[in-house]
Amino acid sequence: MSHVMNTYARLPVTFSHGQGCRITDIEGREYLDALSGIAVSTLGHAHPKLVAAISAQAGRMLHTSNLYRIREQEQLADKLCALSGMSEVFFSNSGAEANEAAIKLARFYGHKKQIELPTIIVMEKAFHGRTMATLSATGNRKAQAGFEPLVSGFVRVPYGDLEAISYVVEHHHNVVAVMLEVIQGEGGIHLADPDFYQEVRELCDARSLLMICDEVQCGMGRTGSWFGYQQVGVQPDIATLAKGLGSGVPIGACLVGGKAAGLFGPGNHGSTFGGNPLVSTAALTTIEVIEQEGLLANAAHIGDLIRKLFAEALAGTRGVVDIRGHGLMIGIELDRPCGELVGRGLAAGLLINVTADSVVRFLPPLIFSEADARELVERTAPLIKEFLAA
Ligand SMILES: *Cc1c(COP(=O)(O)O)cnc(C)c1O
């Protein structure tokens, strides 16, 4: 085996190049990409505008430092604030780091209110990352096992349970924030009741708590609007981004507004690479192409189409529990663990995923076409049926 640390159960395939929603392995086999490297490749592979923008930026300058002003980073912050309704952005290199910034902000906010041991309410089945604080916020015992002591200051409630949140707020005097994913991604494509998000917002307003939305997976157009919280009609105080933001170039962001704005000053947080000229250009171009090519509407339309086609193709199939999601964040829950479907998909030339043991997950590039959608369902539904019939 290689000298790469054995932290992933990797599939036995290596890709050499991609074009649009197709990706080719080193033996020349082509695959339909319905995963986007886990919600990352927003514009698919080798999008000519992104390639041109990154190449040109590489020719000018890759990196300076956050010791200096960075024009591309300022432009990206302006753009993200205009789209999100926020007022300030901190740039990181990943989703976990964006969430670290959010967690630090919430604690800082608490300390300003003389709360010495600030507590953040987090959800069961949540995924917020693998660093110590974000792992502690994550609602997955398997991921945490062996890494104790976890970071303190988190209280967990069932996802979508407003009463549980209210109870904790009433009985625990140190609560400073509620942190959630509008659509839980790794947890199995779970959405709460539509009223839940608004009720959390109202509770946070009434109690001066910060509402933190982890948009690392559901943000950047995947649901059919720029951010998942816009689908459910709330404006959080903090929203975190990464995955699809740079369309494959590593960049994360912590967006703040409302009560969370203006908290951090020089010295409170930082990152060497965060928002450097290269990654900021990639994100700016990603946003520009999403706008120019109407990819928000496309995500909504193609997502609906995929769910409708799967519902038809799998109608009456025993073992299919639910077909759900929003836009291009789609899950098919089966009544049993189905991890082996990933390998079967690969053998059939399909990049699909399984999360939470029994949920087949699709996160296609936002450029997915109707023809791609039909092909995906025509080729995947028989694999699911075969698997369930065995
Ligand atoms: C992937 C993910 C993260 C972690 O992002 P990394 O870039 O892997 O650190 C955090 N939150 C959510 C919702 C995610 O899907």
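These figures come from a predicted structure and were not determined experimentally.

Our next topic: the pattern of salt bridges. Going through the model one piece at a time under the given rule, you end up with 17 salt bridges. Residue Arg 141 is joined to Glu 148 by a salt bridge in which the shortest nitrogen-to-oxygen separation is 3.0 Å. Exposure remark for Glu 148: the relative accessible area of 41% places this residue in the partly exposed category. Note that Asp 322 and Arg 324 form a salt bridge whose closest N and O atoms lie 3.0 Å from each other. By sharing partners, the salt bridges in this structure join Arg 22, Asp 372, Glu 375 and Arg 379 into a single network.

Once that is clear, we can look at empty space enclosed by the protein. Counted according to the given criterion, the structure contains one cavity of 30 Å³ or more. Lining the largest cavity are Ala 39, Thr 42, Val 216, Gln 217, Gly 219, Met 220, Arg 222, Lys 243, Gly 244 and Leu 366. Considered class by class, the residues forming the lining of the largest cavity number four nonpolar, four polar and two charged.

With that out of the way, let us pick up a negative patch on the surface. Taken together, the side chains of Asp 193, Asp 195, Glu 199 and Glu 202 present a region of like negative charge at the surface. By secondary structure assignment, the location of Asp 195 is in helix α8 (residues 194-206).

Enumeration according to the criterion identifies six aromatic pairs in this entry. When the centroid spacing of 5.5 Å and the interplanar angle of 5 degrees are considered together, the rings of Phe 227 and Tyr 229 count as stacked. The two residues Phe 227 and Tyr 229 agree in class, both being buried.

Viewed as axis vectors pointing N to C, helix α12 (residues 340-347) and helix α13 (residues 370-389) meet at an angle of 135 degrees, and their least axial separation amounts to 10 Å. Classified by the angle their axes make, α12 and α13 are oblique. The way α12 lies across α13 gives a crossing that is right-handed. Residues Glu 340, Leu 341, Arg 344 and Gly 345 of α12 lie in contact with α13, whose contacting residues are Leu 383, Ile 384, Glu 386 and Phe 387. The residue makeup of the contact of α12 with α13, split by class, is four nonpolar, one polar and three charged.

Turning our eyes to something else, we now look at unusual backbone geometry. Of note, the amide linkage connecting Glu 148 to Pro 149 takes the cis form, showing an omega dihedral of 5 degrees. By the element assignment, Pro 149 lies in the loop between α6 (141-144) and β6 (154-157). One non-glycine residue, Ser 36, lies in positive phi territory at about 55 degrees. Among the structural elements, Ser 36 can be located in helix α1 (residues 36-39). For Ser 36, a relative accessible area of 0% gives the class buried. In this structure, Ala 39 takes a positive phi of about 65 degrees despite not being glycine. Tracing the backbone through its elements, the reader meets Ala 39 in helix α1.

Further remarks concern the site of the ligand. Ser 94, Gly 95, Ala 96, Asn 99, Phe 127, His 128, Gly 129, Glu 181, Asp 214, Val 216, Gln 217 and Lys 243 make up every residue found near the ligand. The backbone of Phe 127 places a nitrogen or oxygen atom 3.2 Å from a nitrogen atom of the ligand. A distance of 2.8 Å separates an oxygen atom of the ligand from a polar side-chain atom of Gln 217. Within the complex, the protein chains bury 81% of what would otherwise be the 380 Å² of accessible surface of the ligand. Residue contributions to the shell around the ligand peak at three residues, all from helix α4 (residues 95-112). Of the residues in the shell around the ligand, the class split is three nonpolar, six polar and three charged.

In this section: the sheet that holds strand β14 (residues 329-334). Sheet strands associate in pairs through backbone hydrogen bonding, adopting either a parallel or an antiparallel arrangement. With antiparallel pairing, the four strands of this open sheet are ordered in space as β13-β14-β17-β16. Looking at strand neighbours, the two that pair on one side only are β13 (320-326) and β16 (353-355), the edges of this open sheet. Neighbour-to-neighbour, the strand axes of this sheet turn through a mean angle of 25 degrees, independent of strand direction. The pairing of β16 with strand β17 (residues 359-362) spans three bridges and is antiparallel. Bridging across to β17, Asn 353 finds its partner in Arg 361. Against the sheet, helix α11 (residues 295-313) contacts β13, β14 and β17, and its axis sits at roughly 170 degrees relative to β13. With respect to the sheet, α13 is in contact with β13, β14 and β17, its orientation differing from that of β14 by roughly 20 degrees.

Quick notes on the rules
- Each chain has its residues counted from 1, running along the sequence as written.
- Selection of residues for local features in this predicted model requires a pLDDT of at least 70, selection of side-chain atom pairs for listing and counting requires 80 or more, and totals for whole chains, interfaces and linings are taken over all residues.
- Only hydrogens and water are removed before side-chain values are computed, so all heavy atoms of the structure are retained for them.
- When a carboxyl oxygen of Asp or Glu is within 4 Å of a side-chain nitrogen of Lys or Arg, the pair counts as a salt bridge.
- Only protein chains enter the accessibility calculation, which uses a 1.4 Å probe. A residue is then buried if its area is under 20% of the maximum for its type, exposed if over 50%, and partly exposed in between.
- Cavity means a closed set of points on a 1 Å grid over the protein atoms alone, one where a 1.4 Å probe fits but cannot get out, pocket means an open set with protein on both sides within 12 Å along at least 5 of 7 lines, and lining means a residue has an atom within 4 Å of a point.
- Grid points are joined across faces, edges and corners, and a volume is the space filled by probe spheres set on the points.
- Classes in brief: Ala, Val, Leu, Ile, Met, Phe, Trp, Tyr, Cys and Pro nonpolar; Asp, Glu, Lys and Arg charged; the others, Gly included, polar.
- Here a patch means residues that are over 30% exposed by relative accessible area and free of salt bridges, tied together within 9 Å if like-charged and within 5 Å if nonpolar (Val, Leu, Ile, Met, Phe, Trp, Tyr).
- Calculation of accessible area relied on Shrake-Rupley with a 1.4 Å probe; when residues are assessed, cover is drawn exclusively from the protein chains displayed.
- Just so you know, the count uses Lys and Arg for positive and Asp and Glu for negative, and it drops His and the chain ends.
- Every charge is mapped onto a representative atom, which is NZ of Lys, CZ of Arg, CG of Asp or CD of Glu.
- Secondary structure counts use DSSP, requiring at least four H or I residues in a row for a helix and at least two E residues in a row for a strand, with both numbered from the N terminus.
- Whether two aromatic rings pair depends on their centres lying within 6.5 Å, for rings of Phe, Tyr and Trp, where Trp uses its six-membered ring; planes under 30 degrees apart make the pair stacked, over 60 edge-to-face, and the rest tilted.
- In this description, a line fitted to the C-alpha atoms serves as the axis of each element, helices being fitted only across the stretch in contact, and the angle between N-to-C directions of two axes falls anywhere from 0 to 180 degrees.
- Just so you know how the angles are binned, under 35 degrees is roughly parallel, over 145 roughly antiparallel, 65 to 115 roughly perpendicular, and the rest oblique.
- In a left-handed crossing the near helix is turned counterclockwise from the far helix by less than a right angle, and in a right-handed crossing that turn is clockwise.
- Contacts were defined at the residue level, with two residues in contact if any of their heavy atoms lie within 4.5 Å.
- A single heavy atom is enough: if one lies within 4 Å of a molecule or strand, its residue is considered near that molecule or strand.
- Whenever two N or O atoms come within 3.5 Å, that pair is a polar contact, provided that in protein one can donate a hydrogen and the other can accept it, and provided that, for residues adjacent in sequence, both atoms are side-chain atoms.
- What makes two strands pair is DSSP finding at least two bridges between them.

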